[in-house]
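An overview of the molecular structure
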Amino acid sequence: MTNLNCSGRHGRQTAPQNGGSRSDLLRAPLHSRVNGWSLPLHVFQPIAWLIYSFMAIVAFGIYIPLLPAPWNFAAYGLVGTAFALHLLTHVAAVTIDPADISVRSRKEYSSPMPAFDNSKHRHVIDNLHCTLCEVDVGPKAKHCSTCNKCIADFDHHCKWLNNCVGGRNYWFFFVTIFSAVLGMILITLVILFVIIVHYVNPALLRTAPQFQTVQGNGTWLVFLPAAPLETSSISLMVLAFISIILGLASLLLLCHLLCFHIYLLSQGISTYEYIVRKRQSPNPKDKEQQVPAASSNGTSTQSLGPLESAVDCDATLASKSCTFKPDDRGQASNRLPEPICAEMEAGGRERQAHYSSESPTQIIPGEPMMSLPAGWNLGSVEKPEGAGQRNVTHVEGIPVVQDPLGSSIMDTTADS
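Definitions and cut-offs
Residues numbered from 1 in each chain as written. Predicted model: local features only at pLDDT ≥ 70, side-chain atom pairs only at ≥ 80, totals over all residues. Heavy atoms only, no water. Pairing = 2+ DSSP bridges. Helix = DSSP H or I, 4+ residues; strand = E, 2+ residues; numbered from the N terminus. Core = buried A, V, L, I, M, F, W, Y, C linked by side-chain atoms within 4.5 Å. Buried < 20%, exposed > 50% of the residue type's maximum accessible area, 1.4 Å probe, protein only. Phe/Tyr/Trp six-rings, centres within 6.5 Å; stacked < 30°, edge-to-face > 60°. Contact = heavy atoms within 4.5 Å.

1. Quick look at the sheet that holds strand β1 (residues 125-126)
- An order of β1-β2-β3 is seen for the 3 strands of this open sheet, with the pairing classed as antiparallel. Every interior strand has two partners, whereas the edge strands, β1 and β3 (135-136), have only one.
- Here β1 pairs with strand β2 (residues 129-130) via 2 bridges, running antiparallel. When the sheet's bridge partners are listed, Ile125 is paired in β2 with Cys130.

In structure tokens:
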């Protein structure tokens, strides 16, 4: 005997649950992070600095000095401006503490944070009061589980900066991306120019005075003019090929990120709000009702639509009548069988099998539905044993919001 529970599948709820919920911050760091320099550093952070250092050495030490005048001076000015701007804004975005002003005014980063008790509070931030930071925060503040503090105007947690991006450092973050894209484009163009001219007219790249002492066209100089070192033509081209591949890969990620934030600015929303809207937006496929698989005897049942059309209990109770009319093919109508409705009338509205307005339910698309033959009741139903039968699943009418953009730089684990 199996009890049919029309209230749905357990676990599909946004409120924190005991044991294993991602909203439970009991496993969060004991101390809050001050900024991106706080330990432990994320592995992406040193990788970003290594890429920046490599491209700076390659650009200013090898390929820009090979350009003929006045193109080398123009390249020094443009690429140097982009790299200097990126360095300043990157350091600023990492150093600035993006926490809410109420959190920063406490200045107690050295003391451990209290544990989140989800038996007393459903969320970390409740009525604009953070139960972990123990302060009142702004309406757009979110508690970042990685930094373990409330971030003012929270956008996302950037792994490359090892810091949250909020209202205080968002524009530094945006200029960091823009300058990185600009610098990568300029360096890629310079290296491509050197590769093409190296095979078309190499003498154009050997205009520096130091090349007058070099014998043979197969020998090249790098780190001009301060510390010229001799290298081969093959080494110069291999390094150029590696730099081009690294530059194009970086541009692919950076341009995608830059275009995404330009779109967010045009819409006036944050990354966190964008992800929440995407999760809550209905899937077009969910609107299509799927027809269940045919049963073993060759007959099929109609897919039940939304609850309002599948079970018309209100109309049944109002009219005091209920019918169950299967057609010639054995298909079930979209009304409850007569024995069920009779039992519901006898029990009153308190026994309406969870179909009242206080416990709304919904049909999950793609979930198999079981038609109720005449004579069955909702209290206890004997599950038929036959081929092609599927277990009854429970569906709850509360949507789940689980974990960017899936970008590798973002971690929007926050609780509101």
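2. Some remarks on the pairing of strand β9 (residues 229-232)
- In the sheet, strand β8 (residues 219-222) pairs with β9 via 4 bridges, with the strands oriented antiparallel. Bridge assignment links Leu221 to a residue of β9, and that residue is Glu230.

3. So, the nonpolar core
- With 47 residues, the main nonpolar core has Tyr63, Leu66, Phe173 and Leu236 as its most contacted residues.
- Here this core gets 13 residues from one element, more than from any other, and that element is helix α4 (residues 170-200).
- Counting residues in hydrophobic clusters, the runner-up holds 14 residues, among them Met113, Ile125, Cys133 and Cys150.

4. Topic: the packing of aromatic side chains
- Scanning the model with the defined rule gives 12 aromatic pairs in all.
- Measuring from ring centre to ring centre gives 6.0 Å for Phe211 and Trp220, while their planes differ by 80°; the resulting arrangement is edge-to-face.
- Using a relative accessible area of 6% as the deciding quantity, one classes Phe211 as buried.
- Considering the side-chain rings of Phe260 and Tyr274, the 5.1 Å spacing of their centres and the 75° angle between planes classify their relative orientation as edge-to-face. Of the two residues, Phe260 is situated in helix α5 (residues 233-267) and Tyr274 in helix α6 (residues 271-280); the sequence distance between them amounts to 14 residues.
- The exposure class assigned to Phe260 is buried, which follows from its relative accessible area of 8%.

5. Remarks on the environment of Tyr52
- Residue position: Tyr52 is located in helix α1 (residues 44-63).
- Taking relative accessible area as the criterion, Tyr52 reaches 18% and is therefore assigned buried.
- The spacing of Tyr52 and Gly183 is 131 residues in sequence and 10.0 Å in space, taken between C-alpha atoms.
- Each residue touching Tyr52, except ones within four places of it in the same chain, is listed here: Phe83, His86 and Leu87.

Just geometry here; none of it tells us what the structure is for.
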